[in-house]
Each structure stands twice: as structure tokens, then as C-alpha cells.
Amino acid sequence: MRTQLHDAAVEFAGGPGALDGILHGLVDDVDRALREPMEIFPVCHHSPASATAMARRLRAKQPRTVFLELCEDMTPVLTELRNCRLPVAVQAFATRIDGFPADWAPLSVVAPITEASAEYQAIAYALETPGVDLVLVDRSSDHVFQWQPRPDAPAEPAAGEEESALHGDAVGVELGDLRPRFADLEKHLLRHGNVRHWSEWWHQYVEVPLGDADHDTYRQVMFLIGSLFRRLAPGDPDRVRVDEDRERYMWTRIREHLAATGADPADSVYVCGAFHAAGRVAEFGLHGSDTFTVTPRTATEWQYGLIPSSHSAIEAQFGLERGSVSIAATQWAKNLKRTRTQPYRLKGQAGGRTGTKAGATSARAGKAAAPTPVTDTDATDQLSRFLQRPPALDRLDQEELLGWSVDIVRAARGNGYLASTADAIAVYETAILLAGMRDRAKPTPYDFEDAAVTCIEKDTVPGRRDVRRLVEIMMGGDRIGQVGYESLPPLAREVHDRLAPLGLNLQTRGVKRALLDLKSDPDLRPCSDVLWMLRHLIPDAARPIMGERTLGETSVQESWDVSLGTHQRALIQLGYEGVSLEQVLEQRLRRDANSPQADAAVVLRTVEDATRYLGSRRLADELGTRALEALSTERSVDGAPEVLRRVRKLLAFYRTSEPVLPEWIERFAKTGYAHYCTLLPTAFTDEAATVRQVAATLGFLFGMESLALSLGSDRTQLELAVAQSHPEEPSKVALLWAAQVHLGHLTRHDLRERCAELLGNPLMLPAYPRYLSGLLHALEPVPGLVDLVVEAVSNAFARLPDPVLLPWLPTLITTLRAGGADLAPLLTREAGRLFPGRLPALDAWVPPWRATAPEPATPGIEPAGRGSALLATHPGTCDALADLLGCDGTWAAPGTPTGSALLGRHPGTADALALLLGAA
């Protein structure tokens, strides 16, 4: 073969050179791997050909030690695979990190495992065969992040494709990453192979030819492919360094294990990716150098477990073509049937489609094809024979293709397509035509997919799924794994146990409706508590349809949509954070409250959540103290609206449920009063501060005033803050007027006159809507001005010209919508009180503010005798009051001067008293 490659290099390159070195290097790599005393078994991840060859080789060789390229710290979790339905992913998860940047948290590493994967065959063989050691030798999860920067998170899946997001933003560890890293090479292979993407090329030119190849041929071909992709890879220094360090790491661990246990290398097998099988590092092989030093792990606390996976999640994680893993699963079943290979499966494994039982005995295995004899691979050149042999033409399976065509038409009609028998015939013929155009004797699933899309797909998709998705489902579907109850972390098992009274199978996928009548069945109250905590921690897993939980209030009936089986991954990851929902929720609330970015509003939200979901006064007091600290560090009023809303709710709750207010909320009111008094003058003049934020600041000051004054605050602070405020923006000016009315520095009559002056000044008309916006926001701190606001708005509609009024209407609507919870009901009630209730009465209606006001009465005393005459006519009331007070006396005769007459003749004393009372 060396001679043939040398002659080929001379012919194509015109003489020996770089090409000759590359081709000779390929042969050297294959020879080096074959000469290794311990058998190296190269694989490709999720490759049916690799899985078939792995199962056949394990039955033939029966090794006593299996070295597997997988993170070495994931070993304890592998035994839990027997409780799961594949595909699942082995996960390492860390929330408390030490030694990595804080913004990397949480760290997550996943290694997905499917039935059609060689590593699953190796794991099942090692776990089910007594006396076999399974040794994971790849870098640990901690080293994954030590050796390279954190990769970018996978792209967000399309809407409705939640199965593609089962791995979240975890970093994928793939066994046997075989894809050209040289873009021109991949483009060349795709173009000359008449295929659209890499998954189709691999299926056509590697999977199918190697599906029933013998052991020696399989190994040599995979060695060659790995060496080719490695030698033609671009020289990315970081990636090359990581690849070589991984090889050094794995061979170092292998030699350490062999030295420690005394295992025989001839009775061992090393399962690794074909890309690493022919490495050129000095540490390669059993006789490699021992110069590589494994760096210690960081102090990060790693948690390990299993999470559900799916075919689409694996494709999204590793950049595979959509549907390729499902097609691989179908090809795996065909390989088993064609080669009569008996696969290995774990005892108790659920969801298998091969029809085999785990841990099959050797007698039963004897019914399969005869084991491949162990040959001297060094003396056998199967590679040259394989490359020189023309591909075997796989005859057209008409029955299979007809079945595909009929099934896709049936599925298309079920999803709203107008498909018929004619479409089935068209798909059948088009698939054959496409295969012929691409130099294939038999249409592949990808040819059939193209034919179905061409013949059935329309301009629009009538249902939820397009034809390409229907073909993917028909070829095997997006199989979704499930982690068994026994393999769940304690928290997840506790959740299922606590929700058991609902009588629902929450481990299956899909939405389950739970109805809780808490009045007639109070025993369901703990289930309600769990569901509300899940609603906070995993919003998609528990969705309330009826019922709510607010501060101090609980529902008597609730209805929930629960989908714990669908969101099993999120529930499992909660188990990495604690042993109970209450503990995890308390940790998250503390983490949110103590975050450097948390402001007072965020911390108050955690106080509210701690009270609603946990009922913990201790935690609420702790978080409330933290809210006080956060408020004192704020230098703007940006969070004032949210602070005001939440502190009002908390005050209302504590006043109705507690005999005394908690100490922290009293301190919060007092400190907040002084804090916002200090910020108020700056907020009025700050262009970045919105009128809503300033209004909320005033709302806090006016709303907390009585409580703050009772705790020792000084009202002079507020008066000075308002006196020092000099806004220029019209809406804030109107807001200041409202504050002055509340403090008594401005009368309601003066405010009404100022609004009238603005309407009477043509130069101020364009700015009048902005003044009105300020008055609308002023209802937050001073709701007593609602009648004046209704009057001002009515006058605006009556007198503003259309060029000014119409552009202002959207601002009015957005203002009311933003504060609709409080402002709109006030305006609606006041307008309903003032305006007539029927349309005919509107024509004759005169607004109260336009009616002729009565002349104000002259300050003084009413005419003498007005009240005295009434008392004299009905003296019983006065007599009873006199008896009660113990007063003796008689009624004066008519005409006798009374005290009221005296006051009428000498009004000076009454006037002085009135002035004194008015000043006070």
C-alpha cells in the first residue's frame, strides 16, 4: 500500500513532496496503532457501524479490562443507566465554583448515550460481565474547563422544539468526534459524494460499507479516517493543544491502571475516538514517555447524575444534521438484523427495540453469527483490499421503499396536507430518480426525504409539522429518554412522593391536569405548597390554571397543568443544589438578595417570595435587613416604583397578620423616608429620572410619612426637600404642584387657576399635555387630587386644538396603562361620579367646575338665635346632656341676650381665634 500511495502522489503532484509525506503518514499512523500491544478500538460517536463492530468484538475477545474515553469522574453514575430509558446523558454539574470565573456558573458537562453507540455496548458489557473492569480514562469534568475557555452556549432551539433544549447550555463531551476540521476537505467530499451535508456523506460512504465489515477491516479503515482528518486539520494552536493533552492524559491513566492492577494488556481493550486512536504524541502507547503531569483539580464542588436526552438534543449539541441520529438508530436495527449480532444491554433497561434481553448467556449468543476470529492484525492488510474492492451494489428494496412512500402520505394527510396515492407513487419514483442522479443503486433515507419534500410540501405548512419533520419521525422519531425513579436525586424523588396524593403519573411526558379542592380535602394543602414552589423554581413544569397565592391569601380551589416528565432535566438539576425544595428555594432567594446587582426592589421581592412560599419569618427578617442595606446604597430613584409597590403590599400584610410590625420594616420606612428626601431635589432636575419614578418617590414619602414620623423622623426634611426642588420639565413641574398642595403650600384653588392660565396662554398650549401627564402621575402620591385631574383632562379635551390633542392621546393611553392598576380606577370612579349616567342628559349637563359658584360667606358668626331657636323648641336633648354632665340650670326667657348675640357685637375675639386656628 505504501508503494501504491507513493505512485499516486507522484502522478497527482508531479513528484514526491508534501502530498507524498501526508499519504505515507497515513499508513504510518495505521501501522503504529496496529502494532500497539494493547488493542485500540477506534469508534465514532452514535455510529451504528461502530456499535455493531463493538458488540461483535466484545463477544469474540471477552476482554477483562475496558478502557473508555469518557470523563473519569463520571464512573459512579454509569451503574444507574439500567434504571433509565435511553437516550440519556451523563452529567457533571457545579453551582458552587472555586477556581473559575464567577460568571461561568453554573458549569455543566454532558455525555449523551444512545443504544446505537459503541460506548453503551462497552459499558453494558463491563457492567453485566463478572470480573470485568471498566476504567474511564479521559480528562475529568474539572479539566474540561481548565484546559479551554468555556465554549459558547448552543443556539436557542426554535419555538416549540423543547426536546432540542434537553441539554440546556451544557458543554458536550463527545466520544469519537469524526468530522473534517478542514473546511475545503469537507466541501470537496460533499461535492464529489453528491450529498448535501456531512451526516449524509458519513451514512453513505462509511456507515453502510462498514456495517457488516470484519473486525480487521473496520479497525484499519477507522484508523485511516482518523489519521486523514487529523493530518488535514487546520493548525488551531488551542484546539491542537487540547487534543494532544487529552491523548497524553488518557495514555497516562491507562499505564497507571495497568501498573497498579497488573492487568494483562493483551486481555484489555482501549475504546477511543478514531481521531485519537493514531495519536503522535510522545506519551502514546504502553511504552510512551511518562513526562506528562496531570494538573490537580480545582476546589469546585461537582455533582453527578443522569438527565434525559433526545435525538434532537444530541444533534443540536454537536452540530449534526437534523434527523441524523434517528436515521442512525434505524440503521443500527438493520445492522443487527442483517449481521445477526447479539448486542449487550443492561439488565432492567427499558425502552429497547432490539427485542433482546440484557446479559444474554453465551449459549444464546451462539445462535448469532459466529464470532469473528482473532487474527494477527499486523500481518493482515485488509485496508488495501477494502480500498481496492469496488463497492457492493445494494439492490433496491422495493417493499421497503413502497412502505416508506405509503407511510409518509398517510402521515402528511394526518397533518393537513392534501396528499393522495398519486403522491405516494411520485415520492417512490422521485426517490429512485434522485438516487440514480447521485450514483446510488438504492435510495438512502436522505434521498427519500428530498423526494417527499419535493412531491408533498406546499408553500405553507397546514399543521404543526412540515414534511421533513414527518420523514424524521417516520424513520425512527425523536426518541426521548427518561431517567428512572431509582436514579433520580433525592430532591426529585421527594417531589414525586409529595405529589403522590394527586394520583397522577408524573414521570411520563406530557401535561397532566391536577384539580385540588382544598376546602373539602385539606390533606392536599402540602401538594399545593409543592406546586407553588415548583412554579417559582421551574415555571414551565407547573402552571396554575385556577387559583393564586398572594401575601396572606390562599385559594380554596386550584387547578394545575403539571409536566414534570417533560421537564425532568430541570427537576434533576434542582437536586444538585439541595435535598429539598425548601432548601433550594431558600438558597436561591439568598443568592438573589445578596447578588451585587440586586437593588432594594429585588430584595423586597425575595422577602415577599419567602413569605408566600416558605412562610419563614426568620428568612423574611434576614432578607428585609438586606433590603435596608441595598436601599441605603442606591444613588438614584430608578427603583422607586417597584420599591413602593412591594413595600405597600408587605405593610398591608404585616398590619393585618402581625400584632406589631417587624423591626426591619420600621427601619426601612424610617431610613427610606430620609433617603428619598435626600434624593428628591436631584430627581426633580435629573433628566434620566422619569416622571413615574419621581412620582413613586413622592408616593413613598407621603405614604410612609405617618409611620416614619411616629418612629422619630422629622417632617421638616420633606418640606425642605420640596422647597429645594426646582424642576423645569413640565410634567415634573405639575408633579411638584401636587406635592405642594399635599403639604399645604398651595391651595386647590391656586392649582386650578394655574391650569386655567396654561390653557389661556396660546404659547403654553403645546406643553399642556405634558403638565397633564404630570398630574396623572401625581395621583400616585396624592390620590385626593383625582377630581382636579378629571377636571383638567376634561378641559383639555374641550379646549385643546386637534393638532395638540391628537398626538397627546397615545401618551395619555400609555400613562394610564403603565399605572393602570391604581390610576385608571381612580379616574374612572371619579368620572362616573361627575358625568351623567345617560347620553340624553349630557346635552343639558353643566360641569360642576363651570357652575356659578356661590358667594363665599363673610367670615363671622351666624345670626343670633338660628341654633338657639331650634334648641328652645326641642329642649329635651340639652336637658339630657346637662343631666349627663351634672349641670344645673334653667332656660332663659325669650329676648334675653345670649352668648351668640354677644359674639355678634364683638367679633374680634372670634376672628383672632379663627386666625390662630388657621395658622396652626
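See above for the structure.
A. Region of interest: the overall build of the protein chain. Scanning the protein chain from terminus to terminus reveals 40 helices and 13 strands. Burial analysis of the protein chain (920 residues in total) assigns 49% to the buried set. A sequence separation of at least 24 residues applies to 76% of the contacts in the protein chain between residues at least 6 apart. Carbon and sulfur atoms provide 55% of the accessible area of the protein chain, an area that totals close to 43,700 Å².

B. Seen up close, the packing of helix H20 (residues 525-537) against helix H22 (residues 581-593). For the pair H20 and H22, the least separation of the axes is 11 Å and the interaxial angle reads 40°. By the criterion of interaxial angle, the relationship of H20 to H22 is oblique. Regarding H20 and H22, the two cross each other, and that crossing is left-handed. For the pair H20 and H22, the contacting residues are Val530, Met533, Leu534, His536 and Leu537 in the first and Leu581, Glu582, Val584, Leu585, Arg588 and Leu589 in the second. The residue inventory of the contact of H20 with H22, partitioned by class, reads eight nonpolar, one polar and two charged.

C. Quick peek at the nonpolar core. Leu499, Leu534 and Phe668 are the most contacted members of the largest nonpolar core, which totals 193 residues. With eleven residues, the single largest contributor to this core is helix H26 (residues 663-685). Leu534 has contacts with Val495, Leu499, Pro539, Ala542, Leu564, Leu571 and Leu581, leaving out every residue within four places of it along the chain. Of all hydrophobic cores here, the second largest spans 23 residues; its members include Leu401, Tyr417, Ala424 and Ala431.

D. Inspection of the packing of helix H15 (residues 398-414) against helix H18 (residues 467-474) at higher detail. Remark: H15 packs on H18, axes separated minimally by 10 Å, with the N-to-C direction vectors making an angle of 125°. One way to sum up the angle between H15 and H18 is to call them oblique. Of the two possible hands of crossing, H15 and H18 adopt the one that is right-handed. Contact with H15, carried on its side by Trp404, Asp407, Ile408, Ala411 and Ala412, involves Val467, Leu470, Val471 and Met474 of H18 and no other residues of that element.

E. Seen up close, helix H8 (residues 215-231). Taking 1.5 Å per residue as the helical rise, H8 with its 17 residues ought to reach 24 Å, and the 24 Å between its terminal C-alpha atoms agrees with that figure. Judged by how many residues are buried, H8 sits mostly within the fold: 15 of 17 residues are covered. If you check the start of H8, you find a side-chain oxygen 3.2 Å away from the backbone N of Asp216, and it comes from Asp214.

F. Spatial organisation of the packing of aromatic side chains. Taken as a whole, this structure holds 19 aromatic pairs when the rule is applied. In textbook terms, an aromatic cluster arises when at least three aromatic residues are bridged by ring pairs, as seen for Phe653, Tyr654, Trp664, Phe668, Tyr676 and Phe700. Note that Arg59 overlies the ring of Tyr344, its terminal NZ or CZ placed 3.9 Å from the centroid.

G. Spatial organisation of the sheet that holds strand E7 (residues 268-273). The parallel open sheet is built from four strands, whose spatial order is E1-E7-E2-E5. Since the sheet does not close on itself, it has two edges, and those belong to strand E1 (39-43) and strand E5 (133-138), each with one partner. On average, adjacent strands in this sheet sit at an angle of 30° to one another, irrespective of strand direction. As paired elements, E1 and E7 share five bridges and run parallel to each other. Across the sheet, residue Ile40 finds its bridge partner in E7, namely Tyr270. Relative to E1, helix H3 (residues 48-61) is tilted by about 160°, and along the sheet it contacts E1 and E7. Lying over the sheet, helix H4 (residues 118-128) contacts E1, strand E2 (65-71) and E5, oriented at roughly 135° with respect to E2.

H. Broad picture of unusual backbone geometry. In this model, Leu86 is joined to Pro87 through a cis peptide bond whose omega is 5°. Within the secondary structure, Pro87 sits in the loop between E2 and strand E3 (88-94). Following Ala105, the chain continues into Pro106 via a peptide bond in cis, with omega recorded as -5°. If you trace the backbone, Pro106 turns up in the loop between E3 and strand E4 (107-113). For Gln62, which is not glycine, the phi torsion reads 50° and is therefore positive. Note on placement: Gln62 falls in the loop between H3 and E2. Phi is positive for Arg340, which is not a glycine, with a value near 55°. With respect to the element layout, Arg340 can be found in the loop between helix H12 (324-339) and helix H13 (362-365).

I. Examining helix H16 (residues 421-437) more closely. Over its 17 residues, H16 runs 24 Å from end to end, which matches the ideal 24 Å to within 8%, given 1.5 Å per residue. Within the sequence span of H16, burial applies to Asp423, Ala424, Val427, Tyr428, Thr430, Ala431, Leu434 and Ala435. Contact partners of the buried residues in H16: H15 and helix H17 (445-456). Asp439 occupies a position one or two residues after H16 and carries a positive phi of about 60°.

J. Geometry of the sheet that holds strand E9 (residues 512-517). Ordered by their spatial adjacency, three strands build an open sheet running E9-E13-E10, and the pairing between neighbours is antiparallel. At either end of the open sheet lies a strand with only one pairing partner, and these are E9 and strand E10 (542-546). Along the sheet, successive strands turn relative to each other by an average axial angle of 25°, direction set aside.

Basis of the calculations
Residues numbered from 1 in each chain as written. Predicted model: local features only at pLDDT ≥ 70, side-chain atom pairs only at ≥ 80, totals over all residues. Heavy atoms only, no water. Helix = DSSP H or I, 4+ residues; strand = E, 2+ residues; numbered from the N terminus. Buried < 20%, exposed > 50% of the residue type's maximum accessible area, 1.4 Å probe, protein only. Contact = heavy atoms within 4.5 Å. Areas by Shrake-Rupley, 256 points an atom, 1.4 Å probe, with all protein chains shown as cover. Axes fitted to C-alpha atoms, helices over the stretch in contact; angles between N-to-C directions. Parallel < 35°, antiparallel > 145°, perpendicular 65-115°, else oblique. Left-handed = near helix turned anticlockwise from the far one by under 90°. Nonpolar A, V, L, I, M, F, W, Y, C, P; charged D, E, K, R; others polar. Core = buried A, V, L, I, M, F, W, Y, C linked by side-chain atoms within 4.5 Å. Expected span 1.5 Å × (residues − 1). Polar contact = N/O pair within 3.5 Å; in protein donor to acceptor, adjacent residues only side chain to side chain. Phe/Tyr/Trp six-rings, centres within 6.5 Å; stacked < 30°, edge-to-face > 60°. Lys NZ or Arg CZ within 6 Å of the ring centre and 35° of its normal. Pairing = 2+ DSSP bridges.

Any link to function would need more than the numbers given here.
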